[in-house]
Amino acid sequence: MQTIDRQPVRVLHPGFWNHEAGPDFRGAVIQIGQAEPRSGDVELDLTQRDWQAHQHDKNPNFANVILHVVWNDDAKPSLDIPTLALEPFLDAPLHELQGLLGGAGELPDMLRGACSAPLGQLTREQSEELLRQAAIVRFQRKGLELESRARQSGWDQALWEGLLRGLGYKQNVWPMQQIAELLPRLSDGATSPQAWQARLLGVSGFLGAAHERGSQDEYLRSLWDHWWRERERFQEHVMPRALWRLHGLRPANQPQRRLALASHWLASGDFTARLEQWFTAGDTALLPETLTDCLQPARDEFWSHHWSFQSPRLPKVQPLLGESRATDLAINVILPWFWTRARAGRNERLAKLAEDRYLAWPAAQDNSLLRLARQRLLGRQPSRGLKSAASQQGLLQIVRDFCDHSNALCTDCAFPEMVRSLVR
């Protein structure tokens, strides 16, 4: 294949299909002409003109694109990015290729990670132990990060920051962290869920945006009655609306709704005490269920019936927190927080309890990172050993410690040889 300006193109690795915002393929390894192979992203469009039409040139998510693939474009090269027109190099019509490539979502064996083959030679016990060790590393690392923050702001504040980051998902971790850092200033005089909602939704910028649209909703008016009296006091902390990423979120994950949930926790006055009671009691087999019960607030007159300020009233009550989100908070924040606090207090019994509960927690909801990790590392093997949340975390830790420091070709990655040493 050749670019539009006649430079040879070698695809050493096509990268990984990106199902989220940004370029279509991440982490490809491409060689253009006689230059050294480069690792970066690939964007697919119908024509060269779509690059500007879709505003990729203004989007920082596309800054690492190393190849622009188009269908068929006779235009002269107009971008600094190498462009490949694909149609001239195909030897069959698209409808035929579609049938041949119907399973393209699954990585071929030749494109799997270099560790996939040796991992397949491990016994079940060896696989489970490898993932368990990686999971413990991840668990302790999260705990130490919370401990580091607690030295600056106290244990309770470190917990709140972790919880709000967890409620932000990956799209809105940063603005949620900003709000969490404001909690000590926002807490003065806020005792009811509605007062907390007015402040959190006010400083987030969501309340002002909803009010500007002129909604006559009774709930919104009541929040505004709280907020307008004290917004001058918190004006310097109001966040720009542009900080929030709302595109592609599931309705239940809208940050307005998550802030409403946090308002109930903050207004309860005994949130940490209830968490401690949950931690030291209960049946291990019912951990996700009992934690969800502990974190689930009473029905909210507005947010139990709405996804956002603008959405119509839902016919059925929707909980503010689901079991899958409770699991994510448990394994990423709550249990590491209990572990590191017990460790700091030299309470080995409670530290071991936190670790045991972490290892016993049932598997969390699947996600794109886990699916890609399974494809690259486990290949066509059954997902053995991934029946707990800890084993999933262990797999993600291996990706972080090794895959993230190499490229799609696994250049100079030490993990394959490490696995081979276990087989010998």
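Just so it is clear, the structure is predicted and the values come from calculations on it, not from any experiment. Throughout, a residue's number is its position along its own chain's written sequence, starting from 1. Predicted model: local features are reported for residues with pLDDT of at least 70 only, side-chain atom pairs are reported and counted for 80 or more only, and whole-chain, interface and lining totals are derived from all residues. The side-chain numbers reported here are obtained from all heavy atoms of the structure, hydrogens and water having been left aside.

(A) Region of the structure containing the overall build of the protein chain. If you tally the helices and strands in the protein chain, you get 17 helices and six strands. Overall size of the protein chain, expressed as C-alpha extent along the three principal axes, is 70 × 60 × 40 Å. A burial count over the protein chain gives 47% of its 424 residues as buried. A total of about 22200 Å² of accessible surface is found on the protein chain, and carbon and sulfur atoms cover 50% of it. Under the convention used here, Asp and Glu are negative, Lys and Arg are positive, and both His and the chain ends fall outside the count. Just so you know, the charge point we use is NZ for Lys, CZ for Arg, CG for Asp and CD for Glu. Once the 49 positive and 50 negative side-chain charges of the protein chain are each reduced to a mean point, those two points are 3 Å apart. Numbered from the N terminus, helices here are DSSP runs of H or I no shorter than four residues, and strands are runs of E no shorter than two. Only protein chains enter the calculation, and the probe is 1.4 Å; a residue is then buried if its accessible area is under 20% of its type maximum, exposed if over 50%, and partly exposed in between. Only the protein chains shown count as cover for residues, and the accessible areas themselves come from Shrake-Rupley with a 1.4 Å probe.

(B) Broad picture of the packing of helix α5 (residues 155–167) against helix α13 (residues 323–344). Helix axes are fitted to C-alpha atoms over the stretch in contact, other axes to C-alpha atoms as well, and angles between N-to-C directions run from 0 to 180 degrees. With their axes 9 Å apart at the nearest point, α5 and α13 run at an angle of 160° to one another. Considered as vectors, α5 and α13 are oriented roughly antiparallel to each other. Between α5 and α13 lies a crossing whose hand is right-handed. Of the residues in α13, those in contact with W155, D156, L159, G162, L163, G166 and L167 of α5 are R325, L329, V333, I334, W337, T340, R341 and A344. Throughout this entry, Asp, Glu, Lys and Arg are counted as charged residues, while Ala, Val, Leu, Ile, Met, Phe, Trp, Tyr, Cys and Pro are counted as nonpolar. The remaining residues, Gly among them, count as polar. Residues belonging to the contact of α5 with α13 are distributed by class as follows: nine nonpolar, three polar and three charged. Working rule for angles: under 35 degrees goes down as roughly parallel, over 145 as roughly antiparallel, 65 to 115 as roughly perpendicular, anything else as oblique. Take the far helix as your reference; a near helix turned counterclockwise from it by less than a right angle gives a left-handed crossing, and one turned clockwise gives a right-handed crossing. Between two residues, a contact is recorded if the distance between any of their heavy atoms is within 4.5 Å.

(C) Up close: a nonpolar patch on the surface. In this scheme, patches are assembled from residues that exceed 30% relative accessible area and form no salt bridge. Like charges are connected within 9 Å, while nonpolar side chains (Val, Leu, Ile, Met, Phe, Trp, Tyr) are connected within 5 Å. Just to be clear on terms, a salt bridge is a Lys or Arg side-chain nitrogen sitting within 4 Å of an Asp or Glu carboxyl oxygen. Together, M1, V11 and F89 give the surface a local cluster of nonpolar side chains, amounting to about 250 Å² of exposed area. Tracing the sequence through the fold places F89 in the loop between β6 (83–85) and α2 (94–100).

(D) Summary view of the nonpolar core. Among buried residues, those of type Ala, Val, Leu, Ile, Met, Phe, Trp, Tyr and Cys that are joined through side-chain atoms within 4.5 Å constitute a nonpolar core. In this structure, W265, L295 and F309 are the most contacted members of the largest nonpolar core, which totals 71 residues. The greatest single-element share of this core, amounting to eleven residues, is contributed by α13. Setting aside residues up to four positions removed in sequence, F309 forms contacts with L201, F206, L207, A210, Y219, L220, L223, Q256, F302 and W303. One finds L130, A134, A373 and C403 within the second-largest nonpolar core, a separate group that totals 19 residues.

(E) How the structure looks around the packing of aromatic side chains. Pairing of aromatic rings covers Phe, Tyr and Trp, the last counted by its six-membered ring, and requires centre-to-centre distances within 6.5 Å; plane angles under 30 degrees mean stacked, over 60 mean edge-to-face, and any other angle means tilted. Taken as a whole and assessed by the stated rule, the structure comprises 17 aromatic pairs. Note on F302 and W303: the rings are 4.9 Å apart at their centroids and 80° apart in plane angle, and the pair reads as edge-to-face. Pairwise contacts between aromatic rings join Y219, F302, W303 and F309 into one cluster. In our convention, an over-ring charge means Lys NZ or Arg CZ found within 6 Å of a ring centre and within 35 degrees of that ring's normal. Geometry around W278 places R357 over its ring, the cationic atom sitting 5.9 Å from the centre.

(F) Layout of the confidence of the model for the protein chain. Averaged over every residue, the pLDDT of the protein chain is 89; residues scoring 70 or more account for 93%. Predictor confidence is given residue by residue as pLDDT, running from a minimum of 0 to a maximum of 100. The element-level mean pLDDT for the protein chain is lowest in α2, coming to 74, with α5 highest at 97.

(G) Here's a closer look at helix α10 (residues 255–268). Helices are assigned an expected span. That span is 1.5 Å times one less than the residue count. The first and last C-alpha atoms of α10 sit 20 Å apart over 14 residues, in line with the 20 Å expected at 1.5 Å per residue. A large share of α10 lies buried, amounting to 13 of its 14 residues. Two residues or fewer past α10, G269 is found with a positive phi of approximately 85°.

(H) Fine view of the pattern of salt bridges. Tallied over the entire structure, the rule returns 17 salt bridges. R141 serves as the salt-bridge partner of D401, at 3.5 Å between the closest nitrogen and oxygen. Of the two residues, D401 sits in helix α16 (residues 389–401) while R141 sits in helix α4 (residues 124–153), which places them 260 residues apart along the sequence. The partner of R420 in a salt bridge is E417, and the shortest N-O contact between them spans 3.5 Å. Taken together, the residues span about one helical turn, with R420 and E417 both in helix α17 (residues 415–423) at a distance of three residues. The class of R420 is partly exposed, set by a relative accessible area of 36%. Of the residues examined, E417 reaches a relative accessible area of 39% and is grouped as partly exposed. When salt bridges that share partners are traced, they join E147, R151 and R343 into one network.

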